[in-house]
Amino acid sequence: MTTKNAKALDLPTRPILSYIKDLPNLCSLAGLGCTLLAIYFIITGVYAAAMIGMIWAVAFDWADGLIARRMKGRTGADSKFGGQLDLLIDIVSYGVTPALLILSYANFHPAFLPVAFVMLVFGAIRLSYFSTFGLSDDAKYTGLAIDNNSISLVFILIFAGFFERPVFAIVLAISGLCLAILNVSQIKTPKLSGNPRNVVLLAIYTLTVSAIYGWSLL
């Protein structure tokens, strides 16, 4: 038996669904629900509603980390499970959803498939790297954190009305590629989600963006 398996067996045996009762994990799942709504509205072409779903997915993702750090009595099993849950949700929220947004806005033209593929591959590599090596010695990310992909694209789409759709599809594709390259670059970026002040700023940003896109849906 490997050491890894032995360590896994040391964890308390609990039913799978018991981990849902953990508040940070509930936040993560709420974010996944927002991502599902975003994907649904991306496919149906209601981009304003999709952007609201995307930014709230980020908000719940940041909230679960903040809650987890402040909770008392949270078990190691809950923390370990939550870390894996976050990783799986992140690839959907910040990899699949932005790639699907670009494909959808380009009317699923096959020329945009390579862009979507690069975003997915670089996103998966970025998440795998962080899962393996964590933060750098100076407590910073190596490469742009992948949640910035959604934060940035939600802002960029505000300006869609100033361009013809085919032109803006190219703008989105270039933006997505630039973000993907930054995800796997060697630049050092601070861990924004770990700072309560940044969480407040994201909350303000989320509410502002939601109001802007919500107004356009009226």
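Preceding this section is the structure that the text describes.
In short, a report on the structure. (Residues numbered from 1 in each chain as written. Predicted model: local features only at pLDDT ≥ 70, side-chain atom pairs only at ≥ 80, totals over all residues. Heavy atoms only, no water.)

Here we take up the side chain of S210. Here S210 is to be found in helix α8 (residues 196-217). Residue classification places S210 among the buried positions, given a relative accessible area of 14%. Within the local environment of S210, its side chain forms a polar contact with the backbone oxygen of T206, the two atoms lying 2.7 Å apart. The residues contacting S210, other than those within four sequence positions of it, are I52, I55 and W56. (Helix = DSSP H or I, 4+ residues; strand = E, 2+ residues; numbered from the N terminus. Buried < 20%, exposed > 50% of the residue type's maximum accessible area, 1.4 Å probe, protein only. Polar contact = N/O pair within 3.5 Å; in protein donor to acceptor, adjacent residues only side chain to side chain. Contact = heavy atoms within 4.5 Å.)

A separate point is the packing of helix α2 (residues 23-44) against helix α3 (residues 47-70). Look at α2 against α3: their axes get within 7 Å of each other, and the N-to-C directions meet at 170°. Taken together, α2 and α3 sit at an angle that is classed as roughly antiparallel. Here the hand of the crossing between α2 and α3 comes out left-handed. Taken together, the residues of α3 that come into contact with α2 (itself represented by L23, P24, C27, S28, A30, G31, C34, T35, A38, F41 and I42) are Y47, A49, A50, G53, M54, W56, A57, F60, A63, D64, I67 and A68. Considering only residue class, the contact of α2 with α3 consists of 18 nonpolar, four polar and one charged. (Axes fitted to C-alpha atoms, helices over the stretch in contact; angles between N-to-C directions. Parallel < 35°, antiparallel > 145°, perpendicular 65-115°, else oblique. Left-handed = near helix turned anticlockwise from the far one by under 90°. Nonpolar A, V, L, I, M, F, W, Y, C, P; charged D, E, K, R; others polar.)

What follows covers α2. Across its 22 residues, α2 extends 32 Å between first and last C-alpha, which sits within 8% of the 32 Å expected from 1.5 Å per residue. Taken together, the buried positions of α2 are P24, N25, C27, S28, G31, C34, T35, A38, I39 and I42. One side of α2 holds all its buried residues, which, seen down the axis, span an arc of 165°. Projecting away from the buried face of α2 at angles above 90 degrees are the exposed residues L36 and I43. Considering only its buried residues, α2 is in contact with α3 and α4 (76-105). (Expected span 1.5 Å × (residues − 1). Arc of directions from axis to C-beta.)

Moving on, we come to unusual backbone geometry. Positive phi outside glycine occurs at N107, with the angle close to 55°. Structurally, N107 is set in the loop between α4 and α5 (113-133). Given the relative accessible area of 56%, N107 is considered exposed. Despite not being glycine, F108 shows a phi value in the positive range, around 55°. Positionally, F108 belongs in the loop between α4 and α5. For F108, a relative accessible area of 44% puts it in the partly exposed group.

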